[in-house]
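Next come the chains, spelled out residue by residue.
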Amino acid sequence: MLKRTLALAAAAFAATAAVNFPHEYPPTNDVAMDNLVAIPMRDGVKLFADIYRPAAPGRYPVIVSRTPYSTERAPNAYDAAVFFARRGYVYVYQDVRGRHESEGRWEPFRNDIEDGYDTIEWAAAQPWSNGKVGMQGGSYLGHVQWRAAMAKPPHLVTIFPAVAATSLYHDWITLNGGWRLSFNFGWGPVRQESRIMQNTGPHVMPGGPEAISFDRMLLHLPLNDMQRLAGRNAQFYRDWIAHPDYDDYWKKINAEEVMDQIGIPVHTFGGWFDIFSQGTLRGYALMSARGATETARRKSHMVIGPWGHGSSRKFGDLDFGEHAHVSQHALELRWFDHWLKGVDNGVDREPPVKLFVMGRNEWRLENEYPLARTQYRKLYLNEGRRLTWEPPSDAARPDTYRYDPENPVPSLGGNNCCGTPTPAGPKDQRPIEARGDVLSYTSGFLSEPLEVTGPVKMVLHASSDCTDTDFVAKLIDVYPDGRALSMAEGIVRARYREGTDKPKLMQPGSVYELAIDMVGTSVEFQKGHRIRIDIASSHFPQFDRNPNTGEPFGASARTKVATQSIWRSKARPSHVLLPVIPR
């Protein structure tokens, strides 16, 4: 009892303490640069890097960053390299295998474990290195950090993966088995097929050629033939489509499979609306729970804000206020100064989690994620399209709708970026809620604020007259003026209801309990607002259209209209499980 009381007191102190973000300090030194430095890999392939280092001779801590986008990418790929080199670090900026200046064959993700290890150990052995190496960068430059950490290089001290995935299958390629079409197609074969990054201009030209526009190409079936319309023939994209399940192809590059072997402190950084928010949240949560050392478990940190794929003040339809944006470089600098230079700046003694509570629009310190004081509460789908804390009655009948893959619900906001142009972030859902294939369930007006912070899960009792289909759920903040802003979302492909490694078709007409992972959020629904859940079966083109045929993934050139039933009785209580934080 005393232990729990002390824990709650610590949580209360962390929650009320002021959140102060660091500021960048001025440069301390001039910089020298070495261009096109060959770094040998274990198989003889040479990867090339630009090296920015303090001009004065000496041994310095090293930061490694590995990119598929070119170390010379316009307009300012050098920004981080110059920033850290002017503050006492050697910055090794490398083109990954098969990209730009580096030798070898380009295949996203597949060589980043071994190449990351070899690059780090090479850097630690150089005459300008003091033997302490960290890694920095965001998105793909963050993914490679997790891959390198999986290899346990002896001289890797810490990593700072920003807006990055821990599991490429669960965070990037799919969400609960729903194929991230916009991102996978737009980022993958269209932009990254070969050694250099290709131009998407012809596919987005206003009034341009219709046959090669993204709008036209994304509707093409079968999926496994789509890249041909863009003149592409990327083997890695064919491989992705050939591995729609979570199998060994994906397991071997999933950091979550070996979190208990990673013993260094990790600082994740991301946004509630980022496409890789799962990696930010789970990366911290799993390291703090399963890291290989006490340092990894107790000293890993996370910052998550109201952003998309990078820090900002405004995103989607909302302005989160002047304090929403933070300097990523300033956070990284303070982190690296402590772990690589040994500066006693207090970073190891402060609460490890900084999260932004939307609605209240405030930053807050926490001791963990998910929060220990969370009260998980069920909000039920009820008759009259209501959301209630009370479960439905036995007499409730299911709500039904028809899902036609030839007329999918258009993507409007959510966790997306970097592929084909698709609106992202908190967007007003009213334009699509008027459709007949979107079911909206709304609570009464709140008499007091309600904070929801943590993982959100939709438990849906559903049936279909098809052997496979999708279900999409969105958590929505309904304002007094009627705006309906999406705050969290998820999708489940029904064949993966027992796990993404256990595909199993449905029996038409049978009712199944489907768990939809809506990842996580932190939002305080204000007094006078309402909470809404939208249910649909498509979210296109953010996710591909399930053709409802049950055919092997990517092979179906035909579609079938599905009749969907959402059950909400006492025996089949469809509900959203909300992580409510007591006031």
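Since we're looking at a predicted model, the values are computed, not measured.

Rules used in this analysis
Residues numbered from 1 in each chain as written. Predicted model: local features only at pLDDT ≥ 70, side-chain atom pairs only at ≥ 80, totals over all residues. Heavy atoms only, no water. Helix = DSSP H or I, 4+ residues; strand = E, 2+ residues; numbered from the N terminus. Rg over C-alpha atoms; globule rule 2.2 N^0.38 Å. Areas by Shrake-Rupley, 256 points an atom, 1.4 Å probe, with all protein chains shown as cover. Lys, Arg positive; Asp, Glu negative; His and termini not counted. Charge placed at Lys NZ, Arg CZ, Asp CG, Glu CD. Expected span 1.5 Å × (residues − 1). Buried < 20%, exposed > 50% of the residue type's maximum accessible area, 1.4 Å probe, protein only. Domains from an automatic or database assignment. Contact = heavy atoms within 4.5 Å. Buried area = accessible area lost by both parts, 1.4 Å probe. Disulfide = S-S within 2.5 Å. Polar contact = N/O pair within 3.5 Å; in protein donor to acceptor, adjacent residues only side chain to side chain. Pairing = 2+ DSSP bridges. Salt bridge = Lys/Arg side-chain N within 4 Å of Asp/Glu carboxyl O. pLDDT = per-residue confidence, 0-100. Phe/Tyr/Trp six-rings, centres within 6.5 Å; stacked < 30°, edge-to-face > 60°. Lys NZ or Arg CZ within 6 Å of the ring centre and 35° of its normal. Axes fitted to C-alpha atoms, helices over the stretch in contact; angles between N-to-C directions. Parallel < 35°, antiparallel > 145°, perpendicular 65-115°, else oblique. Nonpolar A, V, L, I, M, F, W, Y, C, P; charged D, E, K, R; others polar.

**As for the overall build of the protein**
A tally of regular secondary structure across the protein gives 15 helices and 27 strands. Expected size for 583 residues packed as a compact globule is a radius of gyration near 25 Å; at 24 Å, the protein falls within 12% of this value. With the model as given, the accessible surface of the protein reaches about 21900 Å², and the carbon-plus-sulfur share is 51%. The centroid of the 67 positive side-chain charges in the protein is displaced by 3 Å from the centroid of its 66 negative side-chain charges.

**Digging into helix α3 (residues 112-124)**
If you check α3, its first and last C-alpha atoms are 18 Å apart, about what 13 residues at 1.5 Å a residue would give, namely 18 Å. Where α3 is concerned, the buried positions are D112, I113, D115, G116, D118, T119, I120, E121, W122, A123 and A124.

**Observations concerning helix α4 (residues 140-150)**
In terms of burial, α4 is a largely internal element, eleven of the eleven residues being buried. Here α4 has its buried residues at Y140, L141, G142, H143, V144, Q145, W146, R147, A148, A149 and M150.

**Some points on the domain arrangement of the protein**
Once the domains are mapped, the protein shows domain 1 (30-162), domain 2 (174-242) and domain 3 (375-580). Each side of the interface is counted separately: domain 2 has 23 residues, and domain 3 has 30 residues. Contact between domain 2 and domain 3 buries roughly 2100 Å² in total, counting both sides, with carbon and sulfur atoms accounting for 63%. Sorting the residues of domain 2 by area buried against domain 3 places N176, S182 and L221 first, and these three jointly supply 29% of that buried surface.

**Considerations on the state of the cysteines**
Applying the stated criterion across every chain yields a total of one disulfide. Across a sulfur-sulfur distance of 2.1 Å, C417 and C418 are joined as a disulfide pair. The S-S bond linking C417 to C418 shows a torsion near -85 degrees; that makes this disulfide left-handed. Overall, C417 belongs to the buried group, its relative accessible area being 13%.

**Considerations on the side chain of N415**
With respect to the helices and strands, the residue N415 is situated in the loop between β17 (399-403) and α15 (430-433). Given the relative accessible area of 11%, N415 is considered buried. A polar atom in the side chain of N415 sits 3.0 Å from the backbone oxygen of W272.

**Section: the pairing of strand β2 (residues 46-54)**
Among the nine residues that make up β2, seven are buried, leaving the element largely enclosed by the rest of the structure. In terms of strand pairing, strand β1 (residues 31-40) meets β2 through eight bridges, oriented antiparallel. The residue bridging D34 from the neighbouring strand is I51, located in β2. In sequence, β1 turns back onto β2 through a hairpin of five residues, with G44 there showing a positive phi of about 90 degrees.

**Overview of the pattern of salt bridges**
Two side chains that carry opposite charge are able to pair once their charged atoms sit near each other. A complete count under the given rule lists 36 salt bridges for this structure. Put simply, R360, R364, E366, R373, E451, E524 and R583 are held in one network by salt bridges that share partners.

**Focus on the confidence of the model for the protein**
For the protein, per-residue confidence averages 96 on the pLDDT scale, and residues scoring 70 or more make up 97% of the total. Of the regions scoring below 50 in pLDDT, residues 1-10 engages in two contacts with residues more than four places distant in sequence or in other chains.

**Some words on the side chain of Q564**
Note on placement: Q564 falls in strand β26 (residues 562-567). A distance of 2.8 Å separates polar atoms of two side chains, one belonging to Q564 and the other to S464. Contacts of Q564, omitting those with residues within four sequence positions, involve D399, T400, Y401, Y403, S463, S464, T469, D470, F471 and S537.

**Focus on the packing of aromatic side chains**
Evaluated as defined, the whole model comprises 37 aromatic pairs. Ring centres of F83 and F84 lie 5.0 Å apart, and the angle between their planes is 85 degrees; this geometry places the pair in the edge-to-face category. What makes F83 buried here is its relative accessible area of 8%. Sitting over the face of the ring of Y479, R483 holds its NZ or CZ atom 4.3 Å from the ring centroid.

**What about unusual backbone geometry?**
With an omega of -5 degrees, the peptide bond between Y369 and P370 qualifies as cis. Looking at the element boundaries, P370 is found in the loop between β14 (362-366) and β15 (375-382). Put simply, F540 and P541 share a cis peptide bond, and its omega is 15 degrees. Note on placement: P541 falls in the loop between β25 (530-536) and β26. Even without glycine at this site, F109 takes up a positive phi of about 80 degrees.

**What about the packing of α3 against α4?**
Contact pair α3 / α4: the axes reach a minimum separation of 7 Å and the direction vectors enclose 80 degrees. Comparing their axes, α4 and α3 come out roughly perpendicular. Where α3 approaches α4, its residues D112, I113, G116 and I120 are matched on the opposing element by Y140, V144, R147, A148 and M150. In the contact of α3 with α4, the residues fall into six nonpolar, one polar and two charged.

**Focus: the environment of A162**
Its location among the elements puts A162 in strand β6 (residues 156-162). Linking A162 and G425, residues 263 residues apart in sequence, is a C-alpha distance of 18 Å. Once residues lying within four places of it in the same chain are set aside, the contact partners of A162 are G137, G138, S139, G142, F269 and Q328.

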